[in-house]
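# Survey of secondary and tertiary structure
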Amino acid sequence: MKQSDTKSHPSPTVIPRSDHGISRADISESALKVLYRLKKAGYAAFIVGGGVRDLLISQHPKDFDIATDALPDEIRSLFRNSRLIGRRFRLAHVRFGREIIEVATFRASGDGDGIDEDREHHAESGRILRDNVYGSIAEDIWRRDFTINALYYNIADFSVWDYTSGMADIEAKSLRLIGDPETRYREDPVRMLRAVRFAAKLGFTIHESSASPISSLAPLLKDVPAARLFDEVLKLFQSGYAVRSFELLDEHGLFEYLFPATADRLRGPDADHARLFIRSGLQNTDQRVAEGKPITPMFLYAVMLWPVIQEHARVLVEEGLPDAQAMTEACYRVVGEQQLATSLPKRYGIPMREILQLQYRFENRRGARAARFLEHKRFRAAYDFMVLRANCGEVDEELANWWTEVQERTAADLNQAFGIGKRSSSSRRGGRKRRRRASAGTSA
Ligand code: ATP
Ligand code: MG
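Remember, it's a predicted structure, so these values are computed and weren't measured experimentally.

So, how was this worked out
Residues numbered from 1 in each chain as written. Chains lettered and ligands numbered in written order. Predicted model: local features only at pLDDT ≥ 70, side-chain atom pairs only at ≥ 80, totals over all residues. Heavy atoms only, no water. Helix = DSSP H or I, 4+ residues; strand = E, 2+ residues; numbered from the N terminus. Buried < 20%, exposed > 50% of the residue type's maximum accessible area, 1.4 Å probe, protein only. Contact = heavy atoms within 4.5 Å. Areas by Shrake-Rupley, 256 points an atom, 1.4 Å probe, with all protein chains shown as cover. Pairing = 2+ DSSP bridges. Axes fitted to C-alpha atoms, helices over the stretch in contact; angles between N-to-C directions. Near = heavy atom within 4 Å. Polar contact = N/O pair within 3.5 Å; in protein donor to acceptor, adjacent residues only side chain to side chain. Salt bridge = Lys/Arg side-chain N within 4 Å of Asp/Glu carboxyl O.

## Quick look at the overall build of the chain
Counting secondary structure elements, the chain contains 23 helices and 10 strands. The 444 residues of the chain split such that 51% are buried. Contacts in the chain between residues far apart in sequence, at least 24 positions, make up 69% of those at least 6 positions apart. Surface accessibility of the chain: about 20800 Å² in total, with carbon and sulfur atoms responsible for 48%.

So, in structure tokens, the structure goes:
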């Protein structure tokens, strides 16, 4: 549908309760409470976005966003447990314990939530940078990206309102931008990343018309603030579909704007190994997400940057730097460069550097120093990373197995494992904070 078509015919297809699969039993109680209270007060109230989409394809929604014709102050006064956020375009967060329901007033035009709040209208590239006009539900669809994200579930009669053939696209498993794709990508280049993210997560195909402009518009991502891209990277790679996201980003020429040095590395010598390594790391993350295990951006960035850092370190060693120092220097340079594309907050960057620098210590399995390594606060993360390297043939399997087994030994057996004569278990677990040593490459 063309942008102008929708604007001139702002009437939705209404799909009655009997013709769609959304059941109230699958909607969170908190979301229902908010919807019912808005309705009782005489306002229109709809669930919109990912919540409706995921219910329609029988996936468990991450959260429920609500759209209404109540103004922010009206929402605020209806819910004691709410607060208004956002400076120019205000929306309400209604809190129920740990669950937050986001309630937004229909908006006349827009650019997704909270993007570039302080900037002036339209940057040179055509990005929308300003909007503060409340509007009707028919106008609200323009702050949605894909047709499948622009379905509205009406609490008044449990119907779904569809302005953009979103239902048909759900059936067809097709991701289609609302309006003219190029215009919509220029307004907000992050939509290109969102296309890939939803394609990976939902197993949908990006419709030809929405896919074809991507490769030529991809450079627009350079103008997106690094912090926003960091957030997007986490959504792409930490939601359980990292391998698929990686493949699609690569296919559409987007990956190089998120990890430029890594993308270069994937075109250079020994690219196959680097690719294998990254895929294995991402597979590992996907598996952890599937098993409900914790994951951290620190590990993700370690995986993405390792092939680059390793190469830098190798060159520095050739130039005469000692191994550990070369690794430290390479980490600083590569992370520094990465910050220009996607930011990497210190709370992840610092531990990431530590686990990379610790990789040398696995080579040494004799003596008190090797034994103490087991107690290092980053041992476990460094070990996981080393196992990943071993799986890709970078570390001797026998060495990796040794470190696996040694962790299972009793304190008494450990001395023998490390070839230490008289150390007692109490001295090993003595609790004294040990200073990290420059020779291990963890200083500086
Ligand atoms: P997820 O399951 O990942 O939360 P979602 O569709 O709910 O998916 P959100 O980022 O939570 O995605 O955004 C909620 C809704 O807001 C989207 O469904 C979409 O309609 C709209 N939206 C969000 N970001 C943008 C954007 N950059 N451009 C246009 N619309 C957007
Ligand atoms: Mg959402």
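## Thoughts on the sheet that holds strand β7 (residues 151-154)
As summarised here, the arrangement of the 8 strands in space is β1-β8-β7-β2-β3-β6-β5-β4, forming an open sheet in which the pairing is mixed. The open sheet terminates on both sides in strands that have one partner only, identified here as β1 (13-15) and β4 (82-85). Averaged over all pairs of adjacent strands, the angle between their axes in this sheet comes to 30°, without regard to strand direction. Contacts between helix α2 (residues 29-40) and the sheet are confined to β2 (45-48), β3 (65-68), β5 (91-96) and β6 (99-105), with β6 contributing the most and set at about 35° to the helix.

## Some points on the site of ligand 1
Neighbouring residues of ligand 1: 18 residues in total, closest Arg53, Arg143, Asp188, Arg191 and Arg197. Asp145 has a polar backbone atom sitting 3.1 Å from a nitrogen atom of ligand 1. Interatomic distance of 2.9 Å between a side-chain N/O atom of Arg194 and an oxygen atom of ligand 1. Contact with the protein chains covers 92% of the free accessible surface of ligand 1, which is 580 Å².

## What to know about the pairing of β5
Relative to β5, β4 runs antiparallel, the two being bridged by 4 bridges. Among the inter-strand pairings, Ser82 is bridged to a residue of β5, identified as Val94. With antiparallel pairing between neighbouring strands as the criterion, β4 and β5 make up a hairpin whose turn holds 5 residues, including Gly86 at a positive phi of roughly 85°. Looking at chain direction, β5 and β6 are connected through 5 bridges and run antiparallel. When the sheet's bridge partners are listed, Arg95 is paired in β6 with Ile100. The antiparallel hairpin formed by β5 and β6 contains 2 residues in its connecting segment, where Gly97 sits at a positive phi of about 60°.

## Details of the pattern of salt bridges
Within the structure shown, the criterion is met by 25 salt bridges. The salt bridge involving Glu187 is made with Arg191; its shortest N-O contact spans 2.8 Å. Residue classification places Glu187 among the buried positions, given a relative accessible area of 10%. Arg191 sits in the buried class, given a relative accessible area of 2%. Linking Arg389 and Glu394 is a salt bridge whose minimum nitrogen-to-oxygen distance equals 3.0 Å. The exposure class of Arg389 is buried, given its relative accessible area of 10%. In the salt-bridge network here, residues are joined through shared partners; they are Arg53, Asp54 and Lys201.

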